[in-house]
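# Topology and contacts: notes
In case you want the letters, here they are:
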Amino acid sequence: MRVESLIWGGVKGDSNGAVGPLYATKFSDYPQFGGAFLPGDFKLPALPPDDLCKVLRLIVATDSAEFMVRYKIRFGDSLETVIREVTAIVNDPRKSAGWSADTRARMNLILGIANRTSGVERKSKDSLNAAVAYFQRTLNDWTRDRDPLEWAMTQRNLADALGQLFGLDWHDAPLHPAMTAYQNALAIYQSRSDRLDSAHVQLGLASGYEIIGRYEPGRENVSRAVDHYRAAIDGFDPHTYPDDWADAQLKLANALRVLAFWDKGTKTLEDAMAANRAALTVYSKQDAPLRWAAAQGQLAECLNQLGQETSNPDDFRKSISILRQVLNGYPRAHAPSEWSALQSAFGDALMGLYDFDQKSGNEYPQQAAIAYRASLEELTLQDNPIGWATAKQGLGNALEELGHNNSDSSSLNQAIDAYNDSLKVFKSDREPLQWATVKYEQGEALEYLGELGSGIQYLQQAVQTYREALAALPEDGPPEMRKDIQESLNDALEDLHQRGWNSG
């Protein structure tokens, strides 16, 4: 019959008029309503028929909404009416007074999942905070000892809601409690030898540590992310769950690429490229064009990094060739954010090649500026602050080179504006390494601008900007970067002294 899901069980009822037990079972690769593969059947709360119908309507509506999310179909506030109906049942003491702890827990879990789903769609902090509160109430009734699988399922949902809260304003406060919740769930699944649920929780932990690494720079958090991605890959049989396995390979590749900034040599980057190529054994351009493009794009970014590490311009040329191929005919309208990321990577590759071939003049910076501006057409500060800020930084770099090559103050001023935009997102107390990098690049643009005139205003600003970059650079930050900033600071100070400026 190709049934997607089935509601089944007993309808005898009990003295309180409740029917059951009833269960919802899915017949697809996706887990049950609670987001877990185990228990394999989601037990519905024991309620009278009229109330149960409202709850069942909310479960089906939430499942439908989450299906729509996967296909990027908007559903607005459609869940809110159904959520209010079920909330009224929970808040009515005449209905809830006789509930068992299990019924209470299931009602709170259902409302938590629905509020989280609606909150993500509507970007509502109130709904996401409500989801967190419902999950915490659920944990008051389901205990680790008495209801281990249900308790673990709730911990996973709590972690996910906290992660979504972080995504609204990019403040990292919810991230550490989310990691704790994931670890709680993982301990249960590992004790039950539940490979699938363990693998999905490992993915959550890996993603969380990867994000925390932006706010607490250093090798440790990124290394943890890599370990969890590898554990997730081990949990997915590539023959039974090829898409999950390949997706984890893609995520591992990106984490390894970031880790390579901290590791000496090229081994980590080579591992990243191997992970991308593993994903490409599953994703083809014909059958999974967007995933194929994502893997190819990450491979191109690895080549950019490898070119910087080995001072090999051929790596940048390979990257540019891959990105041209991927962007040719890319379905921008269907995947605008992915298209913008590829454009930014294209700009990075062009600027990387320019570092080794500056005799080309304006050719590469001009093409890079076009790519970054194209990327920014699909990015907003509100919806993707990190991507927007990174593209602004890249645009600043391209404009800075154009201004320097052509002695063009207009391009240099535009570069400084682009860096200032980037610094609206990158903060010295949250992303010190990224902030210091942008400040260093901004200092260079100010120094170039100062060299075009006879005054000292821009050179003074460059000196101040370099000093701010040095002060913010983490102690374990890249030593070459500290050396470069210091040398630029010395050059700017020398220019000032030649113009008669006395710092004392």
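Notes on the structure in this doc start here. (Residues numbered from 1 in each chain as written. Predicted model: local features only at pLDDT ≥ 70, side-chain atom pairs only at ≥ 80, totals over all residues. Heavy atoms only, no water.)

## Section: a negative patch on the surface
Judged by side-chain charge, Glu-451, Glu-480, Asp-484, Glu-487, Asp-491 and Glu-494 come together as a negatively charged surface patch. Turning to its location among the elements, Glu-487 is positioned in helix H20 (residues 479-498). (Patch = residues over 30% accessible without salt bridge, like charges linked within 9 Å, V, L, I, M, F, W, Y side chains within 5 Å. Areas by Shrake-Rupley, 256 points an atom, 1.4 Å probe, with all protein chains shown as cover. Salt bridge = Lys/Arg side-chain N within 4 Å of Asp/Glu carboxyl O. Lys, Arg positive; Asp, Glu negative; His and termini not counted. Charge placed at Lys NZ, Arg CZ, Asp CG, Glu CD. Helix = DSSP H or I, 4+ residues; strand = E, 2+ residues; numbered from the N terminus.)

## Let's talk about the packing of aromatic side chains
The tally for this structure, following the rule as stated, stands at five aromatic pairs. Arranged with centres 4.9 Å apart and planes meeting at 25°, the rings of Trp-8 and Tyr-23 form a pair that is stacked. Here the residue Trp-8 occupies a position in strand E1 (residues 5-9), and Tyr-23 occupies one in strand E2 (residues 22-26), the gap between them amounting to 15 residues. What makes Tyr-23 partly exposed here is its relative accessible area of 22%. (Phe/Tyr/Trp six-rings, centres within 6.5 Å; stacked < 30°, edge-to-face > 60°. Buried < 20%, exposed > 50% of the residue type's maximum accessible area, 1.4 Å probe, protein only.)

## Quick look at unusual backbone geometry
Here the bond from Gly-20 into Pro-21 is cis, since omega is 5°, no more than 30 degrees from zero. Turning to its location among the elements, Pro-21 is positioned in the loop between E1 and E2. The step from Leu-38 to Pro-39 runs through a cis peptide bond, and the omega angle for that step is 5°. With respect to the helices and strands, the residue Pro-39 is situated in the loop between E2 and strand E3 (42-43). The phi dihedral of Ser-193 is positive, around 55°, even though this residue is not glycine. Topologically, Ser-193 is positioned in the loop between helix H7 (175-191) and helix H8 (195-215). Its relative accessible area of 63% is what places Ser-193 among the exposed residues. The backbone of Ser-407 shows a phi angle near 50°, a positive value even though the residue is not glycine.

## Observations concerning the packing of helix H10 (residues 242-259) against helix H12 (residues 289-310)
Helix packing geometry: the angle between the two helix axes and the distance between the axes. One way to put it is that H10 packs onto H12 with a least axis distance of 10 Å and a crossing angle of 20°. Taken as axis vectors, H10 and H12 run roughly parallel relative to one another. The crossing of H10 and H12 is left-handed. Across from Asp-247, Leu-250, Ala-253, Asn-254 and Arg-257 in H10, the residues of H12 making contact are Arg-291, Ala-294, Ala-295, Gln-298, Glu-301, Cys-302 and Gln-305. Classifying every residue of the contact of H10 with H12 gives five nonpolar, three polar and four charged. (Axes fitted to C-alpha atoms, helices over the stretch in contact; angles between N-to-C directions. Parallel < 35°, antiparallel > 145°, perpendicular 65-115°, else oblique. Left-handed = near helix turned anticlockwise from the far one by under 90°. Contact = heavy atoms within 4.5 Å. Nonpolar A, V, L, I, M, F, W, Y, C, P; charged D, E, K, R; others polar.)

## Focus: the sheet that holds E1
One open sheet holds the three strands; their spatial order is E1-E2-E3, and the pairing between them is antiparallel. Whereas interior strands pair on both sides, the edge strands pair on one side only; in this sheet they are E1 and E3. Note: E2 against E3, two bridges, orientation antiparallel. Bridging from a neighbouring strand, Ala-24 pairs with Phe-42 of E3. (Pairing = 2+ DSSP bridges.)

## Focus on the layout of surface pockets
Here the second largest pocket defines a volume of roughly 220 Å³. If you trace the second largest pocket, you find 14 residues lining it, with Asn-16, Ala-18, Ala-46, Gly-98 and Trp-99 closest to the centre. (1 Å grid on protein atoms, 1.4 Å probe; cavity = no way out; pocket = protein on both sides within 12 Å on 5 of 7 lines; lining within 4 Å. Points joined across faces, edges and corners; volume = space filled by probe spheres on them.)

## Observations concerning helix H15 (residues 363-377)
The terminal C-alpha atoms of H15, which comprises 15 residues, lie 22 Å apart, in line with the 21 Å expected from a rise of 1.5 Å per residue. Listed as buried for H15 are Tyr-364, Pro-365, Ala-368, Ala-369, Ala-371, Tyr-372, Ala-374, Ser-375 and Leu-376. At its buried positions, H15 is contacted by helix H14 (336-356) and helix H16 (385-406). (Expected span 1.5 Å × (residues − 1).)

## Digging into the packing of helix H1 (residues 49-70) against helix H2 (residues 78-90)
Running from N to C, H1 and H2 point in directions that differ by 145°, and their axes come no closer than 9 Å. H1 and H2 meet at a crossing whose hand is left-handed. Seen from H1, the contacting residues are Asp-51, Lys-54, Val-55, Arg-57, Leu-58, Ala-61, Thr-62 and Ala-65; seen from H2, they are Leu-79, Val-82, Ile-83, Glu-85, Val-86 and Ile-89. Its residues assigned to classes, the contact of H1 with H2 comprises nine nonpolar, one polar and four charged.

## Points about the pairing of E2
Here five bridges tie E1 to E2, and the two strands are oriented antiparallel to one another. Of the residues in E2, the one forming a bridge with Gly-9 is Leu-22.

## Side note on the environment of Lys-43
Secondary-structure assignment places Lys-43 in strand E3. The contacts of Lys-43, once residues within four sequence positions are left out, are Pro-21, Leu-22, Tyr-23, Asp-102 and Arg-106.

## Here's the deal with the pattern of salt bridges
Proximity of charged atoms lets side chains of opposite charge pair with each other. Scanning the model with the defined rule gives 28 salt bridges in all. As a salt-bridge pair, Asp-102 and Lys-43 come within 3.9 Å of each other at their nearest N and O atoms. Highlighted residues: Asp-102 in helix H4 (residues 101-122) and Lys-43 in strand E3, separated in sequence by 59 residues. With relative accessibility at 22%, the residue Asp-102 sits in the partly exposed group. Under the relative-accessibility criterion, Lys-43 is labelled partly exposed at 29%. Here Glu-85 and Arg-57 are joined by a salt bridge, their closest N and O atoms 3.3 Å apart.

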